[in-house]
Amino acid sequence: MIIHPRTLRIEYGKTTKVMCVVGTELTVNIDRSAPPSSKYFSVQCSPRVQYRISPPPLESGTLPTSLNGNTMLLFTMDTASEVGNDSKLSVMYYGEKTEVLGKAVVHLTAVEISLDVDADRDGQVERNNPNKGSWMWGPNGHGAILLVNCDSEHTYGKRRDSERAEVSRVSDLKDMSPMVLRTSGPAKLPEGYKLTMHISQGDAESVRVFRTRSTDYPLVLGSEDLSKEVPYLGGNAEMNFYVEGLRFPDKDFEGLISISLSLLEPSSQGFPETPIFTDRVVFRVAPWIMTPNTLNPLEVFVCSTSDNYQFLKGMRRLVENSGYKLKVCHEYMNRGDRWMQDEIEFGYIDSPHQRFPVVLDSPRDGELQDFPYDVLLGPDFGYVTRTAYDEEVSSLDSFGNLEVSPPVIVNGKIYPLGRIIIGVAFPTATKGRNMTKVVQDFLWAQKVQEPIALFSDWLLVGHVDEFMTFVPAPDKKGFRLLLASPDAGYKLFRGLQNDGHGQAKMFDGRPSVKRLISLSQYVVTAAVPQSCIDWNRDVLKRELGLDDDDIIDLPILFHVMEENRAVAYYPDMVNMIVLGKNLGIPKPFGPKVDGRCALEAEMTSLMEGLGLRCTYIDDFASYHKLLGEVHCGSNVRREPFSFKWWNLEM
């Protein structure tokens with residue numbers, strides 16, 4: 001609470017009526033209000049009034065008390081009044097010979113006021129938590145949590161609930177944070193006194209407050225109403241409010257919001273009322289959180305197009321055998337845009353009272369652009385996007401270029417929600433493609449999954465999922481980083497040639513192993529992708545706290561195309577979908593040895609050591625030739641973390 005210093009003016013020979021809040025202290029300058037020639041004073045008060053004198057008198061146990069030139073009387077009340085003016089305090093003034101010179105009387109009315117939230121984060125609104133007016137991270141932290149109300153309780157004519165002017169359905173209240181105004185006191189406040197709830201102009205774009213009435217939920221505070229009087233109910237009463245978040249943390253919004261409740265005292269006519277008491281609560285808006293491959297899948301999303309039957313058949317078999325749900329976006333909705341991974345990224349928001357998935361819509365806005373809003377947005381399924389108004393949107397803004405690591409420990413610092421990974425241009429490049437600043441600013445502002453920037457602009461498409469992914473592992477760290485490795489590919493083909501399989505051919509139209517190795521073009525271009533991947537490898541080792549044992553190199557070759565940027569030479573096996581222990585991997589169509597694809601054999605051997613099962617999906621014609629693979633054409637909604645983001649040590 002904020003206790004405004006209150007210096008009370010009293011006069012001898014008069015009675016002053018005063019309103020006070022339980023727990024606050026009023027101050028009277030005894031010398032200033034004393035009659036001329038006063039030397040002593042004494043104080044009497046009702047049982048519910050406590051007082052002290054400052055500086056403490058030298059006399060002990062004797063009355064009256066000497067005035068010392070700057071004597072202050074400080075008094076408070078410990079319980080609320082049942083009726084107005086039910087407590088009294090009087091000051092008697094004495095002269096040199098203790099003759100009575102005058103008497104000042106104060107009639108007191110006390111109220112108890114507490115604006116309460118779930119400051120201890122246990123899902124219940126406790127009474128007058130002393131830490132409710134501030135925020136602190138960590139398991140021993142405090143401060144209430146607010147969700148952005150970005151889902152839609154309506155499935156037809158849908159809009160995000162935060163965009164509706166009113167609470168249209170009671171079910172929407174569960175997405176808001178409860179707040180309770182608790183008061184105790186007489187049946188009515190003295191004339192002219194009133195309670196007012198208020199927010200700052202800076203917070204007005206980020207929050208709305210609704211009040212509970214018998215039949216509806218009127219808006220109390222918002223962008224049009226920064227301050228509004230709220231009723232005083234009298235007696236022991238509670239008034240329920242619901243607080244709604246309107247925007248996520250971003251570059252210009254840290255995510256902290258304050259709501260205040262003030263008791264106003266009337267002033268002289270023409271002057272504004274004076275706040276004599278303010279209680280304040282603080283909320284932090286819950287961040288948007290991504291989910292890594294190591295969390296359990298819930299739903300798998302793919303597109304159906306006129307030419308991807310083979311791919312869809314393989315995906316359906318993989319998903320059903322893995323025990324999950326497959327959601328197919330049909331062509332009337334995707335309009336031929338098959339890149340499900342690139343359009344959206346699944347995440348969630350969480351609080352002690354509610355959590356739900358939230359899809360982040362990329363600014364790429366392909367033919368799939370209506371899918372996240374029209375299909376995914378709904379009850380308890382939120383939607384957020386960032387629009388690049390003044391920036392050029394490039395391929396790096398597709399969300400194959402947005403991944404997240406599993407939880408890691410880096411130099412003793414714990415990242416229990418992992419770290420976001422994005423691809424950008426090389427740090428020293430004067431020209432190059434980058435993820436738009438508006439998206440990067442949004443990701444950094446969430447704070448709980450501190451991003452890592454990798455160099456992905458060396459690729460023609462430019463996505464981090466073309467050269468890296470994470471898979472679960474049974475050991476202490478719980479995962480492995482898989483990296484594409486031209487060196488590993490070259491080593492594999494050299495080994496095949498040395499074992500007498502130099503004439504084994506790749507897929508139709510591609511050269512034999514022997515011919516592939518001898519191609520000077522490959523020898524020249526292999527070094528460039530490998531050096532780019534090695535640079536990223538060093539960054540990932542440093543930023544994720546990894547050792548070489550935590551990384552598995554996959555035999556994948558690249559060749560350089562236009563603009564000196566690379567694409568995968570054959571289906572890029574690292575661009576996979578991870579469903580628990582089952583992996584859906586692009587079928588590489590490598591050279592066959594003893595009737596088995598050598599690339600599949602190598603990949604299966606590497607993954608089986610981790611207890612993972614490999615399913616190879618034919619995406620060659622419908623995805624690989626269009627410069628994408630299995631991961632690019634699919635997306636997975638996963639279970640949230642069990643770890644609560646507000647317990648992070650920041």
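Under an unreviewed UniProt entry, the name given to the chain is protein-arginine deiminase, and the organism recorded is Oncorhynchus tshawytscha. Quoted verbatim from the Sequence similarities (unreviewed entry) field of UniProt, the annotation for the chain is "Belongs to the protein arginine deiminase family." Its UniProt record gives the chain a comment under Catalytic activity (unreviewed entry), which states: "L-arginyl-[protein] + H2O = L-citrullyl-[protein] + NH4(+)".

J.: Which residues make up the nonpolar core, and what are the values?
T.: Counting residues in each nonpolar core, the largest one holds 71 residues, and the members touching the most others are Met179, Met197, Ile259, Leu263, Leu443 and Trp645. Of the residues forming this core, the biggest block, six residues, is contributed by strand β18 (residues 274-285). Ranked by size, the runner-up nonpolar core spans 55 residues in total, among them Leu492, Met506, Leu557 and Cys597.

J.: Could you give an account of the state of the cysteines, with specific residues and numbers?
T.: Counted by the stated rule, this structure contains zero disulfides. The thiol sulfur of cysteine 20 is not disulfide-bonded, and the nearest other cysteine sulfur, from cysteine 45, lies at 12 Å.

J.: With reference to specific residues and values, describe the side chain of asparagine 149.
T.: If you trace the backbone, asparagine 149 turns up in the loop between β10 (144-146) and β11 (177-185). A polar side-chain atom of asparagine 149 sits 3.1 Å from a polar atom in the side chain of aspartate 172. Excluding residues within four positions of it along the chain, asparagine 149 makes contact with Arg160, Asp161, Ser162, Asp172, Asp175, Met176, Glu244 and Gly245.

J.: I'd like to hear about the UniProt feature "domain: Protein-arginine deiminase (PAD) central" (unreviewed entry) in the chain, residue by residue, with values.
T.: Following the UniProt record, the feature "domain: Protein-arginine deiminase (PAD) central" (unreviewed entry) maps to residues 111-265 here. This span, residues 111-265, is 0% helix and 36% strand, and a straight line between its end C-alpha atoms measures 13 Å.

J.: Describe the pattern of salt bridges, listing the residues and the values that go with them.
T.: Tallied over the full model, the rule gives 41 salt bridges. Between lysine 194 and glutamate 273 there is a salt bridge, with its nearest N and O atoms 3.0 Å apart. With lysine 194 in strand β12 (residues 194-198) and glutamate 273 in the loop between β17 (256-265) and β18, this residue pair connects regions lying 79 residues apart in the sequence. On the accessibility criterion, glutamate 273 (33% relative accessible area) is partly exposed. Members of the salt-bridge network, linked through shared partners, are Asp116, Lys132, Arg182, Glu238 and Asp279.

J.: I'd like to hear about the sheet that holds strand β28 (residues 420-424), residue by residue, with values.
T.: Judged by pairing direction, the sheet is mixed, and its three strands sit side by side in the order β25-β28-β29 without closing on themselves. The two strands at the open ends of the sheet, each matched to only one other strand, are β25 (402-404) and β29 (452-455). Taking the axes of each pair of neighbouring strands and ignoring which way they run, one obtains an average angle of 35 degrees across the sheet. When β28 meets β29, the two strands line up parallel, connected through four bridges.

Thresholds, definitions, all that
- Residues numbered from 1 in each chain as written.
- Predicted model: local features only at pLDDT ≥ 70, side-chain atom pairs only at ≥ 80, totals over all residues.
- Heavy atoms only, no water.
- UniProt positions renumbered as here; feature names shortened; annotations may be inferred.
- Core = buried A, V, L, I, M, F, W, Y, C linked by side-chain atoms within 4.5 Å.
- Buried < 20%, exposed > 50% of the residue type's maximum accessible area, 1.4 Å probe, protein only.
- Helix = DSSP H or I, 4+ residues; strand = E, 2+ residues; numbered from the N terminus.
- Disulfide = S-S within 2.5 Å.
- Polar contact = N/O pair within 3.5 Å; in protein donor to acceptor, adjacent residues only side chain to side chain.
- Contact = heavy atoms within 4.5 Å.
- Salt bridge = Lys/Arg side-chain N within 4 Å of Asp/Glu carboxyl O.
- Pairing = 2+ DSSP bridges.
- Axes fitted to C-alpha atoms, helices over the stretch in contact; angles between N-to-C directions.

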